[in-house]
Every structure is written in structure tokens, then in C-alpha cells.
Amino acid sequence: MLELGNVASRVVNFNHLRQLHAQIICNSLHHHNYWVSLLINHCTRLNAPPHYAHLLFLSTLNPNVFVFTSILRFYSHRHDHAKVALLFERMQGCGVRADAFVYPTLIKSAGNGGIGFHAHVLKLGHGSDAIVRNAVIDMYARLGPIGHARKVFDEIPDRERKVADWNVMISGYWKWESEDQAQWLFDVMPERNVITWTAMVTGYAKVKDSVAARKVFDLMPERSVVSWNAMLSGYAQNGLAEEALELFDEMVSAGIEPDETTWVTVISASSSSGDPCLAASLVRMLNQKRIRSNSFVRTALLDMYAKCGSIDAARRIFDELGVYRNSVAWNAMISAYTRIGDLDSARELFNTMPEKNVVTWNSMIAGYAQNGQSAMAIELFNEMITAKESTPDEVTMVSVISACGHLGALELGNWAVRFLTENQIKSSISGCNAMIFMYSRCGSMEDAKRVFQEMATRDVVSYNTLISGFAAHGHAMEAINLMSAMKEECIEPDKVTFIGVLTACSHAGLLEEGRKVFESINDPAIDHYACLVDLLGRVGELEEAKTTIEKMPMEPHAGVYGSLLNASRLHKHVELGELAATKLFELEPENSGNYILLSNIYASSGRWKDVERIRERMKKTGVKKTTGWSWVEYGGKLHKFIVADRSHERSDDIYRFLVELRKKMREAGYVADKSSVLRDVEDEEKEEIVGTHSEKLAICYALLVSEAGAVIRVVKNLRVCLDCHAAIKMISKMEGREIIVRDNNRFHCFKDGVCSCKDYW
């Protein structure tokens, strides 16, 4: 027996525990309650597998109060509250009377049901037991109301109050954001220990006051590894990765041995930096110290590698985790694949994940939305609400609503907003910003403005999103005025703000206003120069645009020369167009749009040999022209068309309607503009080509299926051509419809034969 006791005192890992268990079996003591209770207590300390602890529990035929107490603590430690409740029922069924030692475990595991246990212990006379009383205070401090915790605390005679009681109250006040009460208790308590000080560090970090947290940390008379971890976590959770890593260096220099929690925190902090060199140095340190990393440390490493772009290293850890993979590991790996655009690998993991939570669904939905597969994001959201495995939250809805905006699908967007409202999903600034984006991108600026105006608090993204919406619609003065209002609200414009306002000025042709905005930027970035070149080029100041490029303090990128090329197309300036195109062919040789724009310039000047030369160059270099498409939303679906498309189920009806429409248009004086046709063919063939452009087919379909007077919304992936622009103006007047077209450059709102762009685009 003495020898077994010595072995039991030296158990430090699960293998040691199994060896002790084997010796107990050899001594035929494995049915004895004392030894079963001792083994289960070791299981709790070592985080042993639940099935092993449960088998130990079953090995005794008549478990006593000590065995029940041990197994209850084991499952409470694992937060398996349902198992705790079942075992307590079994304990009562076995006629084993619970003593004061059992109730703290029951109270901690019961959640709001702990109130019933509080009443029970009072009846049994255990209310004055120090451990039971502390568990009751802790329950009310965690779950509320905090006033009940304070009442129990105040009822304890001063001489009987333990430091643990003060600590629980201080932590409770921090949880309920009562900073003043927490600080007052800290100041008046007669004795403090390291836990007290650590609670104050954690509390200040929780309310994002890292300076105050560090001040308390520096004043601590003694620090445990938990104290260091609290300060490290405070920095990490508040986005102060650099400070966290500096503190970690101090910790190591002070001779404090990091534990697994330390490593998880430090690795997580370094993840946010995305620095591969830092990641490598941390891994070296782990190896040098021969740290036996558990599943939590390995999962943190997985996430760090993923965020640093080391996808193979992340996947290797994921595969090595095997049965120890938790939801965090699965979600980190899925997010890693979506971050690099490997949606197939992400979806494969998503489909094989045994239990998905809301983070899993959000990761996959956001992955689709952020990688240009908005329709798939919405489809997966539909699967989510059908499966009912997880409840969508605001993060889900931000991705879904944003996806609707990218698609320009207002019906779907309104449905998503209704879902958010009907399911009482709280919408923060991010949710409102997503709605502003969606309405702006769907051509519903009144709704976008309404959401913006109803927001109690706005951030720079709120302003930028609405300004970008105004820019896309050519509402320059609204964009300029909104930037002024932004400053009045003490929100400083950033790079994106100025891009939005400059773009708005460009679309509206407001040269002088745009100049003033550009000159107000302290240190213009390259994208700001691109906007200025676009502004100058659109109003015909081509030489100044060229000079601006030549005097730029940085090397121009493709966006700058793209603006110059488009200006050359607008004003039919062949020489400047060739200059811009030559640069673009070097910078982005696979972008077919640059070749097409130069071809347009040649075609408008009748230089068909040059058009053919560009076409041959595209063939030789393997550059393929982007297929133009347009879609309209009807019946909760997106109906997509390409030029001369006959694949739609109502294709015959669409073309019959188009023939009739053309006839009426010709009678009204319409003459096709054939300048965008890049082939030297007969005029009749050119007219047929422009006559079946995708946006015309989409509009004809919408006119066939929508109610009279309904607004028609079309999304096109390329710039609308001159002929379609003229034709849609006429159609809007003849059919008495408002037609909103979003091309790859801006919005065109056609009504009564007039376009909102005022033919300036």
C-alpha cells in the first residue's frame, strides 16, 4: 500500500496513470472506492479521455460519496454539464447522500439551475460552508444578477471572508463592466494575493484599457505564469501583437517558464502579424525548449502557419492532429484555403467536417463571397438555414448581404435584410455597412442613404461605402458634401475616402472640385494619381494627364495607364492610346480589356489593319477576349445572357419581342451606332451584332416577365457600348420604364429617354 502511494504521488502524465492503474489491478484493489476516487482525480488533473475516466467509475460496484464527488468534478472540469446532472441523479438513485464537498461542483455546472442548489444547501445547513458559499457567489457573479452575489458576500462576517470571496466578487464586477466597483473592492480588501492582481489585469484588458492593465501588472508584488498569461492575452485580444511579443521576451528573460497557455497566446498574437520570419523563430524556440505541444498549441501553430501563407505546414499539422482535431482546427484550415482562393479544398474539408458550428458556415460562406463566387455564398446560406445545424449570426448576414450587393440582386438583398430582422439578429456597424454596400451596388441609393442616416454610430467604412455609392452613380456633390460631414463628425478621411470622392468628380466631370480634393491629400498614393489622370482624361485634358503621369513621384501602375488609355478612346487620340497600351501590355500582358480598348481606338479611326494586328497579337500570346454578359433578377433567380444568346428557356419570346422593339425604335428615329464593332464587315452585319448585345436581351426578358411600370435592373460585366446606351434611353421612354444598368464602371439610370450620366461616361 505504501509503495502504491509513492507511485501515485509521482504520476505526471497519462502513461504514468495507466501504469498506476495496472499496479492497482495487480493488487486486486481496482474495486476499492479509495483507489477509484484517486485514479479519477488524476484523470481530472491530466485531462484524461472521458471514456477512460468513466470505465474507472464503473469498476466500483458501490461508489461512495468520494467516488461520486471525483467523477462529478471530472465532468465539471470538462464543462460537460449534462453528464454532471445525469451522474447526480444516479448518485441520488444509489442512496448516496451528497455532502458539502459535492455542492460546489453541482452549483458551478448547473448554470441558472444553480439557484435551486443554492436553496437546497441552505435547507441542508451548508450555507455557511466557505467553499459552498464561494461557489454561490461565483455563480451569481458569472450569471447574474451581480447584486445577488454582493448580497451573499456582504452577509459573510468580516473575519470569515476569504481572499477567494473578494477575488470572485472583483472578477464578477469586471464581467458586468462595473469597473468602479471592482476597483473599490480591490482598494479596500484587507489582503490580496496573486489571483487578485491577475483579476485586475484581466479586467482592464477586457475593457480594452491595456495601459491600465499594464500599470497593475507592473505593480504586482509577485507574478505567476497565469499573471503573465493574463497580460499577454490582454495585449493579443486588443490587437497589440508587438507589445505581446515584447512582453513574452521579458517573461523569458525573467526566467519564467512559459506553459501551454502562454504558447497558445503568443502564437496567436504572432498570427495576426502574418510574419513568416516571426513564425519560424517561435517554432525554433518551441523546439529548443522541447515543448510537448498539446492539441491547443498545435492548433494555434496551424492557424499561425495559415495566416503566414504556409499552407503546406498548416495542412501537415492538421493531418497530424488526427482524432484530436477540434472545431477550431477545422475552421482554421478551411479559412486558410479560402484565404488563398482554394475553394475546392476548403469545400472538401467543409463537407467532411463531422460537426459544423456557425464559424464553419461563416468561413465557407465568406470564402465564396470574398473570392467572387457570390451566388455560391447565397446558395450555401440557403443550405445553412435548411440544415438548421447552426443559427446564422451577424457575421453570416454580413457575408450574405455583401454577396447580394456584388451580384446586384436587390430582391435577394431585401430577402436577406428581412431574414436578419425577422430572426432578431442584432446588427452592429458592420451589418449596417453591409446593407449600405448592398443597396448602393444594387442601384437603390435612397435605401443606402436611409440605412446610413438611421445608424446611431458610424465609422470610416460607413462613410466610404456611401461615398463609393455616390461615385458609382455620378453624384459628385453628394460625395464631396459627405466627406465634409465626415470631418465634422471627427472621422478622418482615409485613402479609400479620397479615391471615392475623386472617382465621383471624374464621373461627373467636376475638374476644379477634383483638383481641390487631390491637392488636399497630404501624401497622395498611386491610386489617387490614377483617379486624377482619369478625371483629366475624361474632360479632354489629355496632355495634362500625360504630364501628370510623367511627374509622378512613384512608378505608375496599370490603373494609371488604364485611365489614360480609356481617355484616349473617349477622345479618339490614337497616338496617346498607343503609348498607354504599350505600357499596359508590359504591366498586365494577359488583360484582354487593354487590347480591346486599343482596337476600339483603331476601329473608330477606320484603321482595320491595326485592328487585325491586335487580334493576331492576342491569338499569338494566348489572350482571350472576356465574354460579355448581362443578368437580370426575376423570381429569386439571376437570368444571364451573352451576345446573341439563345440558351434561355424563353429565347424565342425574347427575340420576337426584340424584333418588335427594334421596329418601333427605327420608326422613332433610332439608328444603330456600329462604331464598337471590331470587324471590317458590312453595316447590316454590324447592326445585327450590336442589336443582340447581352444587355438588350436581358432588358427584353425583363420587359416580358415583370409587371408594368416595375424598375428593371441589369448588371453587366463590361462597359456598356455607345449603341446600347442610346438604345436603352429610347426603350426607357417608349416602354415607360426606369432601367438601371450597372456596368463595370458605373451606374446608368435611364428614365424618360435620359440617362443619369448625361451621356458623360
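Residues numbered from 1 in each chain as written. Predicted model: local features only at pLDDT ≥ 70, side-chain atom pairs only at ≥ 80, totals over all residues. Heavy atoms only, no water.

Peer 1: Let's hear about the nonpolar core: which residues, and what values?
Peer 2: Within the largest apolar cluster, 212 residues are counted, with the highest numbers of intra-cluster contacts made by L20, M91, I170, L302, M333 and I401. For this core, the element with the most residues is helix α33 (residues 526-538), which contributes eight residues. Formed by 32 residues, the second largest nonpolar core is a distinct cluster that contains F641, A727, I739 and V741. (Core = buried A, V, L, I, M, F, W, Y, C linked by side-chain atoms within 4.5 Å. Buried < 20%, exposed > 50% of the residue type's maximum accessible area, 1.4 Å probe, protein only. Helix = DSSP H or I, 4+ residues; strand = E, 2+ residues; numbered from the N terminus.)

Peer 1: Summarise the environment of T391; cite the residues concerned and give the values.
Peer 2: Looking at the element boundaries, T391 is found in the loop between α24 (374-387) and α25 (394-407). Separated by 30 residues in sequence, T391 and W361 place their C-alpha atoms 9.7 Å apart. In this structure T391 touches V358 and M384, once residues within four positions along its chain are discounted. (Contact = heavy atoms within 4.5 Å.)

Peer 1: Residues and numbers for α33, please.
Peer 2: Owing to its 3.6 residues per turn, the α-helix aligns residues three or four sequence positions apart on the same side. For α33, built from 13 residues, the straight-helix expectation of 18 Å at 1.5 Å per residue is met to within 8% by its first-to-last C-alpha distance of 18 Å. Counting buried residues along α33, 12 of its 13 residues qualify, which places the element largely inside the surrounding structure. What α33 keeps buried is the set I526, H528, Y529, A530, C531, L532, V533, D534, L535, L536, G537 and R538. The inward-facing, buried residues of α33 abut α31 (495-508), α32 (511-519), α34 (542-550) and α35 (558-570). (Expected span 1.5 Å × (residues − 1).)

Peer 1: Tell me what's going on with the packing of aromatic side chains, and back it up with residues and numbers.
Peer 2: Evaluation of the coordinates by the stated rule reveals 19 aromatic pairs. Taking the centre distance of 5.9 Å and the plane angle of 50 degrees together, the rings of F641 and Y701 count as tilted. Separated by 60 residues along the polypeptide, F641 in strand β2 (residues 637-642) and Y701 in helix α41 (residues 694-705) bring together distant segments of the chain. In this pair, the class of F641 matches that of Y701, namely buried. By the ring-pair criterion, three or more aromatic residues cluster together here, those being F381, W415 and F419. Directly above the aromatic system of F186 lies the positively charged group of R192, at a separation of 4.0 Å from the ring centroid. (Phe/Tyr/Trp six-rings, centres within 6.5 Å; stacked < 30°, edge-to-face > 60°. Lys NZ or Arg CZ within 6 Å of the ring centre and 35° of its normal.)

Peer 1: Describe the sheet that holds strand β3 (residues 712-716), naming the residues involved and giving the relevant values.
Peer 2: Read from one edge to the other, the open sheet built from six strands follows the order β2-β1-β3-β4-β5-β6, with strand pairing classed as mixed. Each end of this open sheet is capped by a strand with a single partner; those strands are β2 and β6 (754-755). One ladder, built from three bridges, connects strand β1 (residues 629-634) with β3; its direction is antiparallel. In the sheet register, W631 faces β3, and the bridge partner there is V715. (Pairing = 2+ DSSP bridges.)

Peer 1: Any chance you could break down the pattern of salt bridges for me, citing the residues and the numbers?
Peer 2: As a working rule, side chains carrying opposite charge can pair if their charged atoms are close by. In this structure the tally under the stated criterion is 32 salt bridges. The closest approach of N and O atoms between R142 and D138, which form a salt bridge, is 2.9 Å. Residue R142 and its partner D138 are located together in helix α9 (residues 130-143), separated by four residues, close to a single helical turn. The class for R142 is partly exposed, based on a relative accessible area of 29%. Exposure remark for D138: the relative accessible area of 19% places this residue in the buried category. Taking the shortest distance from any N to any O, the salt bridge between D527 and K495 comes out at 3.3 Å. Residue D527 is found in helix α33, and its partner K495 is found in helix α31; the two are separated by 32 residues along the sequence. The network of salt bridges with common partners includes E578, R607, D610 and R613. (Salt bridge = Lys/Arg side-chain N within 4 Å of Asp/Glu carboxyl O.)

Peer 1: Tell me about the packing of helix α26 (residues 410-422) against helix α27 (residues 429-441), and name the residues and values.
Peer 2: As a packed pair, α26 and α27 sit with axes 10 Å apart at the nearest point and diverge in direction by 160 degrees. In terms of axis orientation, α26 runs roughly antiparallel to α27. By crossing handedness, the relation of α26 to α27 is classed as left-handed. Touching L410, G413, N414 and V417 of α26 are M435, M438 and Y439, all from α27. Its residues assigned to classes, the contact of α26 with α27 comprises five nonpolar, two polar and no charged. (Axes fitted to C-alpha atoms, helices over the stretch in contact; angles between N-to-C directions. Parallel < 35°, antiparallel > 145°, perpendicular 65-115°, else oblique. Left-handed = near helix turned anticlockwise from the far one by under 90°. Nonpolar A, V, L, I, M, F, W, Y, C, P; charged D, E, K, R; others polar.)

Peer 1: Which residues make up the pairing of β2, and what are the values?
Peer 2: Here β1 pairs with β2 via six bridges, running antiparallel. When the bridges of β2 are listed, W631 appears paired with K640. Following β1, the chain reverses through two residues before pairing antiparallel with β2; G635 in that reversal takes a positive phi of roughly 65 degrees.

Peer 1: An account of the packing of α24 against α25 is requested, with residue identities and associated values reported.
Peer 2: A pair of packed helices is characterised by two quantities: the angle between their axes and the separation of those axes. Where α24 contacts α25, the axes come no closer than 8 Å and their chain directions differ by 140 degrees. The orientation of α24 with respect to α25, classified from their angle, is oblique. Seen along the crossing, α24 lies across α25 with a hand that is left-handed. Of the residues in α25, those touching α24 at S374, A375, A377, I378, F381 and M384 are T396, M397, V400, A403, C404, H406 and L407. Taken together, the residues of the contact of α24 with α25 sort by class into 10 nonpolar, three polar and no charged.

Peer 1: Give a detailed account of the side chain of H639, specifying residues and quantitative values.
Peer 2: Take H639: it is sitting in strand β2. Residue H639 is classed as buried on the basis of its relative accessible area, which comes to 12%. Polar side-chain contacts of H639 include one of 3.3 Å to the backbone oxygen of Y634. The residues touching H639, leaving out its near neighbours within four places in the chain, are S630, W631, V632, Y634, H648 and Y701. (Polar contact = N/O pair within 3.5 Å; in protein donor to acceptor, adjacent residues only side chain to side chain.)

Peer 1: Residue-level account of empty space enclosed by the protein, with values.
Peer 2: One pass over the structure, following the stated rule, counts three cavities of 30 Å³ or more. Approximately 90 Å³ is the volume attributed to the largest cavity. Every residue lining the largest cavity is counted, 12 residues in all, and those nearest its centre are R662, M665, Y670, G691 and K696. The greatest single-element share of the lining of the largest cavity, amounting to five residues, is contributed by helix α39 (residues 651-667). Taken together, the residues of the lining of the largest cavity sort by class into seven nonpolar, one polar and four charged. (1 Å grid on protein atoms, 1.4 Å probe; cavity = no way out; pocket = protein on both sides within 12 Å on 5 of 7 lines; lining within 4 Å. Points joined across faces, edges and corners; volume = space filled by probe spheres on them.)

Peer 1: Report on unusual backbone geometry, specifying residues and quantitative values.
Peer 2: Each neighbour pair has its own omega, and for G144 with P145 the value is -5 degrees, a cis peptide bond. With respect to the helices, strands and loops of the structure, P145 is situated in the loop between α9 and α10 (146-155). Although it is not a glycine, E177 adopts a positive phi angle of roughly 60 degrees. As for its placement among the helices and strands, E177 is situated in the loop between α11 (163-175) and α12 (179-188). The backbone of K572 sits at a positive phi, close to 55 degrees, despite the residue not being glycine. With respect to the helices and strands, K572 occurs in the loop between α35 and α36 (574-587).

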